[in-house]
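An overview of the molecular structure
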Amino acid sequence: MHRILSLIFLVGMLGCGSQMPQLAPHALGEPVLSHPITLPTPDPARYETAAWSQFQRRDYVRALRLAYRAVDIAPTDPSPVFLAAMIYDRGFDRPDLALVEYERMFNLFNDYPILTPLRPRLFYLYRVAQQRMVLSALKSSQSVPMTDKSFAIFPFNTYPNNHMNTAISLGLADLLLFDLVSARDSKGMPPLQLHLLHLTFKQTFPDKSASDFAKWVGADHTLTGDMVQTKDHRVRLTAKLLDASGSLVHTFSPVESSLNDLTEFRQTVFDTLSQILNTLPTEPQKLIATPLSILLHGQALEAYLSDDILTATTVEQGALFLDASSPLIQHWYHWMLTDYAGSLTDANLTTIYQKLSVQPNPKSASQRRLLATHQSLLPATGIEGEEPLNPYKPPQPENTP
């Protein structure tokens, strides 16, 4: 009898199996909570510490990947941004990419005092990046892109050709650039790229002419000419304008003047170029007062473009001593001096980063201070949530048994 009842029960269960209610998907796994759990934000310090460790091991690829991960998690913290810039700077030796990260850091944290000693580094990296760009273009036998600067310059051919006249020609070229390109852009940078182009080309191809340079550089117009030294310390200057194919477009009227006052020559060149280049003429200011100042400025500029920064700064200081009111010499001296200071900060990058890494995040720290101040100013509350008259809780009577 017991077996018959068991068989009937089993058949009944099999018959109604198809009618059993279907379980919800979540019933087979973890239950769905009415209040979902928020996962904690990853700690950027762990990624930054790992990036610093990989940087010390010279595994710069992993170090950079970890540093950028820390930047993504904490974009308001300057420490991982500086670490990424330092990896490009000292690790990969890529001044162009390091410059981008340093500028990004200063744009985000411009008023952070601990970063102030790093500002000269931007000047140094800018020069090195420009030098490598020109050398790379020469090695690849390709024209340098001149999309943002459709104007180039090639120093005047000098007669007689000696080192002194070459330096004067370079100083004269910088005078013309100051007139035509304002000698600085929005960041206060001198026309460094334009000078590096012609100097590197002349050092690499000493027998090439200005026409060959114009064809290589790819600019719409290239200014060059001849400088002939005459008697009584006077010079006869004849400017020429070449197009992108190296062909002569215009020959300016010769101007004979003293090196003490080149205003007439500069005004003649600028007026003619204003008509050709569709720019507005202006009255050139007296940038350099004496021929010796022009000579020293040209020698300093040649040393600076040849990567001899200490000599360039010393010679330019002499030019500034002779002509302290020259805005051109003042600007270049400040630039060279800051560049030299930036070249010396390489050994201090690690020290600055270690000081920065132990500093609190300036923006999150200010938020914590505001929150703490807000909490401290809240009124004291009683047990029922109402503010009592006496902020101190009175003693309770003891209950005697």
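Higher on the page you've got the structure.
Note on numbering: residues in each chain are counted from 1, in written sequence order. Only residues with pLDDT of at least 70 are given local features in this predicted model, and only at 80 or more are side-chain atom pairs given and counted; all residues enter the totals for whole chains, interfaces and linings. For the side-chain quantities, the full set of heavy atoms in the structure was used; hydrogens and water were omitted.

So, helix H11 (residues 291-305)
Comment: elements are numbered from the N terminus, with helices defined as DSSP H or I runs of at least four residues and strands as E runs of at least two. One less than the residue count of a helix, multiplied by 1.5 Å, gives the span that helix is expected to have. With 15 residues, H11 should reach 21 Å at 1.5 Å per residue; the first-to-last C-alpha distance of 21 Å fits that figure. H11 sits mainly inside the fold: eleven of its 15 residues count as buried. Type-normalised accessible area, obtained with a 1.4 Å probe on protein chains alone, sets the label of each residue: buried when under 20%, exposed when over 50%, and partly exposed for intermediate values. All buried positions along H11 are accounted for by Ser 293, Ile 294, Leu 295, Leu 296, His 297, Gly 298, Ala 300, Leu 301, Ala 303, Tyr 304 and Leu 305. After H11 finishes, the residue Asp 307 shows a positive phi value of roughly 75 degrees.

Quick look at the environment of His 233
Position of His 233 among the secondary structure elements: in the loop between strand S3 (221-229) and strand S4 (234-242). Taking the C-alpha atoms as reference points, His 233 and Ser 258, separated by 25 residues in sequence, lie 6.5 Å from one another. Any two residues whose heavy atoms approach within 4.5 Å at even a single point are treated as in contact. Setting aside chain neighbours within four positions, we find His 233 in contact with Ser 258 and Leu 259.

Quick notes on the packing of helix H3 (residues 60-73) against helix H4 (residues 78-91)
Between H3 and H4, the least distance of the axes is 8 Å, while the angle of their chain directions is 160 degrees. Comparing the axis directions of H3 and H4 gives the class roughly antiparallel. In this structure, H3 crosses over H4, and the sense of that crossing is left-handed. Contact residues: H3 offers Tyr 60, Ala 63, Leu 64, Ala 67, Tyr 68, Ala 70 and Val 71, while H4 offers Pro 80, Val 81, Leu 83, Ala 84, Ile 87, Tyr 88 and Gly 91. The convention used is that axes are lines fitted to C-alpha atoms, helices contributing only their stretch in contact, and that angles between N-to-C directions extend from 0 to 180 degrees. Roughly parallel covers angles under 35 degrees, roughly antiparallel covers those over 145, roughly perpendicular covers 65 to 115, and oblique covers all other angles. Two helices that cross are described as forming a left-handed crossing if the nearer one is turned anticlockwise from the farther one by less than a right angle, and a right-handed crossing if clockwise.

Brief notes about the packing of aromatic side chains
Within 6.5 Å between ring centres, the rings of Phe, Tyr and Trp (the latter by its six-membered ring) count as paired, and their orientation is classed by plane angle as stacked under 30 degrees, edge-to-face over 60, tilted in between. Scanning all chains against the criterion turns up 15 aromatic pairs. Taking 6.1 Å as the distance between ring centres and 45 degrees as the angle between the ring planes, the aromatic pair formed by Phe 213 and Trp 216 counts as tilted. Taken together, the positions of Phe 213 and Trp 216, both in helix H9 (residues 210-217) and three residues apart, correspond to about one turn of that helix. A residue is classified by how much of its surface remains accessible, and Trp 216, at 11% relative accessible area, is buried. Three or more aromatic residues link up through ring pairs in this structure, and these residues are Trp 52, Phe 55, Tyr 60, Phe 82, Tyr 88, Phe 92, Tyr 102 and Tyr 353. A ring is scored as having a charge over it whenever the NZ atom of a lysine or the CZ atom of an arginine sits within 6 Å of its centre and within 35 degrees of its normal. Lying over the aromatic face of Tyr 47, Arg 69 brings its terminal NZ or CZ to 5.4 Å of the ring centre.

Concerning the packing of helix H8 (residues 192-204) against H9
Here H8 crosses H9 at 125 degrees, and the two axes come no closer than 11 Å. Here H8 lies oblique to H9, going by the angle between them. In the crossing of H8 with H9, the sense of the turn from one axis to the other is right-handed. In contact with Leu 197, His 198 and Phe 201 of H8, H9 contributes Asp 212, Phe 213, Trp 216 and Val 217.

Re H3
Helix length check: H3, at 14 residues, gives a terminal C-alpha distance of 20 Å against a target of 20 Å (1.5 Å per residue), a fit within 8%. In this structure, the buried side of H3 is in contact with helix H2 (44-56), H4 and helix H5 (95-108).

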